[in-house]
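Chain residues, written in single-letter form:
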Amino acid sequence: MAVYPLRTYQVSGERYNPREMEPRWQKVWDEAKSFVVRDDDAREKYYVLEMFPYPSGRIHMGHVRNYSMGDVVARYHRARGKNVLHPMGWDAFGMPAENAAMERKVHPGAWTRQNISAMKDQLKSMGLAIDWTREIATCEPEYYQHQQAMFIDFLEAGLVTRKKSKVNWDPVDMTVLANEQVIDGRGWRSGALVEQRELTQWFFKISDFAEDLLEALDTLTDWPEKVRVMQRNWIGKSEGLRLQFEVVPSDKADASSIEVFTTRPDTIFGASFVALSPDHPLTTELAANDPALAEFVAECRRQGTATEAIEKAEKKGYFTQIHVKHPVKPDATLPVYVANFVLMEYGTGAIFGCPAHDQRDLDFARKYDLPVVPVVLPTGADAATFAVADEAVVEPGTMINSGFLDGLSVDAAKQAVAAQFAGLTVDGKPQGKVEVNYRLRDWGISRQRYWGAPIPIIHCEVCGTIPVPKKDLPVVLPEDVTFDQPGNPLDRHPTWKHVHCPQCGASARRETDTMDTFVDSSWYFSRFTAPHADTPTIPAVANAWLPVDQYIGGVEHAILHLLYSRFFTRAMKATGHVGVDEPFKGLFTQGMVTHETYKSPAGEWVAPAEVVIETLGEDRKALHLHSGEPITIGSIEKMSKSKKNVVDPDEIVGSYGADTARWFMLSDSPPERDVQWTEAGVEGASRFQQRIWRLVSETIEITKQSAHSVRESDDDEAKALRKIAHRAVHNVSQDIEGLRFNRAVAQIYELTNALVRSSGIAAVAPSSRLSALEDGVARLIQLLAPMMPHLAETCWEALGKSGLVADAPWPEVDPALLVDDQVTMPIQVNGKRRAEIVVAKGTASAEVERLVLSLDEIVRMLDGNAPKKIVVVPDRIVNVVV
RNA sequence: GCGGGCGUGGUGGAAUGGUAGACACACAGGACUUAAAAUCCUGAGGGGGUAUCCCCGUGCGGGUUCGAGUCCCGCCGCCCGCACCA
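None of these values were measured; they are calculated from a predicted model.

Novice: How do you make sense of the overall build of chain A when you look at a structure like this?
Specialist: The helix and strand tally for chain A stands at 26 helices and 39 strands. Along the longest, intermediate and shortest principal axes, the C-alpha atoms of chain A span 110 × 90 × 65 Å. Of all 882 residues assigned to chain A, the portion counted as buried reaches 53%. Here chain A has roughly 39900 Å² of accessible surface; of this, 51% comes from carbon and sulfur atoms. Positive and negative charge centroids in chain A, built from 97 and 121 side chains respectively, lie 2 Å apart.

Novice: When you look at helix α21 (residues 716-737) in this model, what are you seeing that I'm missing?
Specialist: Side chains of residues three or four places apart in an α-helix project in the same direction, reflecting 3.6 residues per turn. End to end, α21 covers 32 Å across 22 residues, agreeing with the expected 32 Å (1.5 Å per residue, within 8%). Residue Leu739 follows α21 closely and has a positive phi angle near 60 degrees.

Novice: What exactly am I supposed to notice about the environment of Met592 here?
Specialist: Its location among the elements puts Met592 in the loop between β29 (584-590) and β30 (593-599). The partly exposed category is assigned to Met592, whose relative accessible area is 35%. The sequence separation of Met592 and Thr221 amounts to 371 residues, and the corresponding C-alpha distance is 23 Å. If we skip the residues at most four places from it in the chain, Met592 touches Arg65, Lys638, Arg673, Asp674 and Val675.

Novice: Whenever I open this one, the sheet that holds β29 confuses me. Can you help?
Specialist: Across the sheet, four strands lie side by side as β2-β1-β28-β29; this open sheet has parallel pairing. Pairing within the sheet leaves two strands with one partner each, and these edge strands are β2 (83-85) and β29. Between one strand axis and the next, the sheet turns by 20 degrees as a mean value, whatever way the strands run. In this structure, strand β1 (residues 45-50) lies alongside β2, joined through three bridges in parallel fashion. Along β2, the bridge assignment pairs Tyr46 with Val84.

Novice: For this particular structure, what's the right way to read the protein's contact with RNA strand B?
Specialist: RNA strand B sits among 54 residues. The nearest are Thr263, Lys315, Arg360, Arg743 and Arg876. Arg694 has a polar side-chain atom sitting 3.3 Å from a sugar or linking oxygen of RNA strand B. Arg834 places a polar side-chain atom, nitrogen or oxygen, 3.1 Å from a phosphate oxygen of RNA strand B.

Novice: Explain the side chain of Ser277 here, please?
Specialist: Structurally, the position occupied by Ser277 is in the loop between β12 (273-276) and α8 (281-287). A polar contact of 3.4 Å, which involves the side chain of Ser277, links it to the backbone nitrogen of Met344. Setting aside anything within four residues of it in sequence, one finds Ser277 in contact with Thr283, Val338, Ala339, Val342, Leu343, Met344 and Gly349.

Novice: How should the sheet that holds strand β15 (residues 350-353) be read in this particular structure?
Specialist: One open sheet accounts for four strands, arranged β13-β14-β12-β15; its pairing is mixed. Single-partner strands in this sheet number two, and they are β13 (317-325) and β15. When the angles between neighbouring strand axes are averaged without regard to direction, this sheet yields 30 degrees. Note that β12 and β15 share four bridges and pair antiparallel.

Novice: What is the right way to look at the nonpolar core in this model?
Specialist: Where a protein is soluble and globular, its nonpolar side chains tend to be buried together. Among the nonpolar cores identified, the biggest contains 174 residues, and Phe204, Trp443, Tyr524, Phe568, Trp677 and Met787 are the most heavily contacted of them. Among the elements that line this core, the one with the most residues is helix α2 (residues 61-79), at nine residues. In this view, Phe568 contacts Met150, Phe154, Phe204, Trp443, Val519, Ser522 and Trp523; residues no more than four positions away in its chain are not counted.

Novice: Which parts of the structure should I look at to understand the packing of aromatic side chains?
Specialist: The description of an aromatic ring pair uses the distance of the two centres, along with the angle that the planes make with each other. Applying the stated criterion to the full structure yields 39 aromatic pairs. For the pair Phe151 and Phe204, a centre-to-centre distance of 6.1 Å together with 50 degrees between the ring planes defines the contact as tilted. Pair noted here: Phe151 is in helix α5 (residues 141-156) and Phe204 is in strand β9 (residues 195-204), with a separation of 53 residues, a long-range link. The buried category is assigned to Phe204, whose relative accessible area is 1%. Connected via pairs of aromatic rings, a cluster forms that spans Phe151, Phe154, Trp202, Phe204, Phe209, Trp443, Phe518, Tyr564, Phe567 and Phe568. In this arrangement the basic side chain of Arg24 is found over the ring face of Trp25, its NZ or CZ atom lying 4.6 Å from the centre. Lying over the aromatic face of Phe203, Lys163 brings its terminal NZ or CZ to 4.8 Å of the ring centre.

Novice: Which parts of the structure should I look at to understand unusual backbone geometry?
Specialist: A cis amide bond, omega 0 degrees, links Leu473 with the succeeding residue Pro474. Note on placement: Pro474 falls in the loop between β24 (464-467) and α13 (489-492). A positive phi angle, near 60 degrees, is found at Leu739, a position not held by glycine. One non-glycine residue, Asn830, adopts positive backbone phi at about 50 degrees. By the secondary structure assignment, Asn830 is in the loop between β36 (822-829) and β37 (832-840). Its relative accessible area of 46% is what places Asn830 among the partly exposed residues.

Novice: Explain empty space enclosed by the protein here, please?
Specialist: If a probe as big as a water molecule is rolled over the atoms, it shows which places are left empty. Here the structure, examined in full by the defined rule, presents two cavities of 30 Å³ or more. Its volume calculated, the largest cavity comes out at about 110 Å³. Lining the largest cavity are Phe35, Arg75, Arg78, Ala79, Gln782, Ala785, Pro786, Val805, Ala806, Ala808 and Trp810. The class makeup of the residues in the lining of the largest cavity is eight nonpolar, one polar and two charged.

The rules we used
Residues take numbers from 1 onward in each chain, read along the sequence in its written order. Written order decides the labels, with chains lettered from A and ligands numbered from 1. Per-residue local features are limited, in this predicted model, to residues with pLDDT of at least 70; the limit for side-chain atom pairs, both in listing and counting, is 80 or more; totals at the level of whole chains, interfaces and linings are taken over all residues. In computing side-chain values, all of the structure's heavy atoms are included and hydrogens and water are not. Going along the chain from the N terminus, every DSSP run of H or I of four or more residues is numbered as a helix, and every run of E of two or more is numbered as a strand. Only protein chains enter the accessibility calculation, which uses a 1.4 Å probe; a residue whose area is less than 20% of its type maximum is buried, one above 50% is exposed, and one in between is partly exposed. Surface exposure here means Shrake-Rupley accessible area, sampled with a 1.4 Å probe, where a residue is shielded only by the protein chains that are shown. His is not counted, nor are the chain ends, whereas Lys and Arg count as positive and Asp and Glu as negative. Lys charges are placed at NZ, Arg charges at CZ, Asp charges at CG and Glu charges at CD. Any helix carries an expected span of 1.5 Å times its number of residues minus one. We call two residues in contact when some of their heavy atoms are within 4.5 Å. A strand pair is defined by DSSP finding two or more bridges across the two strands. Helix axes are fitted to C-alpha atoms over the stretch in contact, other axes to C-alpha atoms as well, and angles between N-to-C directions run from 0 to 180 degrees. Here a residue is near a molecule or strand as soon as one of its heavy atoms is found within 4 Å of it. Whenever two N or O atoms come within 3.5 Å, that pair is a polar contact, provided that in protein one can donate a hydrogen and the other can accept it, and provided that, for residues adjacent in sequence, both atoms are side-chain atoms. Among buried residues, those of type Ala, Val, Leu, Ile, Met, Phe, Trp, Tyr and Cys that are joined through side-chain atoms within 4.5 Å constitute a nonpolar core. For Phe, Tyr and Trp, rings pair up if their centres lie within 6.5 Å, where Trp contributes its six-membered ring, and each pair is then called stacked (planes under 30 degrees apart), edge-to-face (over 60) or tilted (otherwise). By definition here, charges over rings are those cases where NZ of Lys or CZ of Arg is within 6 Å of the ring centre and within 35 degrees of the ring normal. With a 1 Å grid spanning the protein atoms alone, the term cavity applies to any set of points in which a 1.4 Å probe fits but cannot get out, the term pocket to an open set with protein on both sides within 12 Å along at least five of seven lines, and the term lining residue to any residue with an atom within 4 Å of a point. Grid points are joined across faces, edges and corners, and a volume is the space filled by probe spheres set on the points. Residues are grouped as follows: nonpolar covers Ala, Val, Leu, Ile, Met, Phe, Trp, Tyr, Cys and Pro; charged covers Asp, Glu, Lys and Arg; every other residue, Gly included, is treated as polar.

Shown next, in the form of structure tokens:
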């Protein structure tokens, strides 16, 4: 590109004022119903959704980032001529509302609805292209009655069960938690150490779908690999053998057999003990007559399940005095221990230990002096000298010391053992049975809380548990509840639970447990397809919209919400509410918003708003805004109230405008990574906004002043500018489709730079350049529209374009302008760039070679020698090897 | 321990095996201004040479290749997830 002279005149344009323009355009979109979507639109559908917010009171920067990304996708596909569904709702049930009720004497419903109203205003101030006519809140009977209806459908379809089981009890929130909600032995919300309690609970039979949920992960190719791996691990499939060990008769126990599960039946000849879980029924039976064992069991229970506890825990056991017969070594027996590392929840709660090939078993065997017999010889090891020391051997190899298995591979041995036991029985049970085990447990959904969807069940002493007849739905939460004491307000409500049995009419009791809030969020995306229907969905409509094409949210939901939703969608399919298995075709997990932390000399956290940063060269110093005392700049952390490093979106929107906040959230950092919120970054985004406005104003000014009336054909500069503009459209399109917003932003900057440079001389240049400038600016505004929609509308209007830029079709790209007729080829000598030549595109290699060898630099570097080899990659690069 | 990801200027980050550092932030110099802000122009990976130029450079060590930030092998470091799962 030529170097242009300084701009030829100044424009006295006013600054762009987002505070004035943003509300104005929001009103225009609203009145034009721009983003209201119709089901009967023939265009191709596109469903984009961001994870809906919990109405905590105010939106935070994480929301801004999340919804900015979704909005770009929505607006882009709209411009691409698709019928785009982009709805918003509220995940409105949950504990914080009850906590607020307890702390502030405000009803959870009032608190929640007030928060929704405030947050809706905040979201609206962002200018999101959302169809607000589809808004739903999970706490309203209009929503949860359908969830209750589906609960009954699931119950009838055998997808719900009620069973007594050991559950995770959160002593602070006074409720049961699902396994997925226990993190490191603590409640996911309260952080309290979780206790085990026996309770009768309602369960969704998610484990019925374990295999399908696992296998279908392979079809979710538009999901992050990380999330798929996490779900795969959570489902935790393992294939193995259920084995019966015959108990050697004694006066110690009545049991005649012990059942274990193993994934390594091949190592059976290396077995040297059997171990029971402290929670195993046989353990309990034995402990009844053995105080020392009872004490050992109690000690195991105290051990805890926290990460550190497990890492440090020593393998400990208690010998029961019982022996079992070795299943493949006649006359040999194995001692039976109770061991602290055997889990009742997995397999059968009992194992056989093969110390040579399992680290835990080895640690245990060394401690209790049990035999360590290697039975797998690793490939390449010497059979004569091979021995197991402190590390168990887990790699594959060849069977040794294993009777009829000797010489087989591990896999072959597994099959041979299974075949060996196939026809045999112990204690009337098959001695060995091939079995697939999953770690995934059924989903316990009963919560002993008020602010959730009531489980539509009536307990009748005569008839048992009876579903509430659908005509009686919804089971509405009573309003008059108290929160002045712990426990479930529904349970102590004076009248609510007292009902008559719908079958026999006798006095009966309503179920007072409510559903886990994760049930609410497991199908809201389906409800959005028919938010006002009097059935959970309208299947034909749901099937037209589903699956969600692009779902965007935080990775913290990788297991909980995303796995539950996959299950729930399958259950809805089984009961005829939707026709798809998978709810989310594409998933994107965005990174967090971080900020520097600040601490006062007293060691207290200080909010960014109270800190002044002084820069001296590259040094930065922080001072307190009011007191002037020095502030320590700390590490960069996720924005959180506890560290006070939060920036309020309202303040940013109020001072810089929503477009600036949106733009900054999309710039720089790749969307899957964390982004650091900085004042400088926001300033930069704001400056860019003004820069665009200046460019547009100048372009308009130049057009007015231009005396040109005849359209001339493009000169080189005009053509170059058109190329840049078309290329930008092409690249930005690809980047948005690939969700590479940071790169799209960079492309837009480049186009802007080129246009600003060009505008400086357009007034005195040939008319073709003015035309290219005008066209380029219009394209720029369109590229900008998904990201800075208010600014784009303002510019669009100023440029005299008709209609809204939000309704304008995405600009077309002339493919001819994407290709260069000339290419610059770098010339490498031994892989290092030494020169370059400009040749016509498609120049033959031989011609390129000739040109290269005639270059002064190359002649000099060859120093009279002939090159060993010349590699010419047409239109790309040349490498001369000397 | 297992699984996944990452490591590039002062900073955030670009780079279908083909000119490393696009774009932005921060910084420096200059123009404009009474001044400041804003704006515009210029510079910049490190080292050396007053121009043109040379050497080094993507965590470390090897390898494949005409050519490696990118692919392979072995290390080091950081982040995330799961975890006594038999």
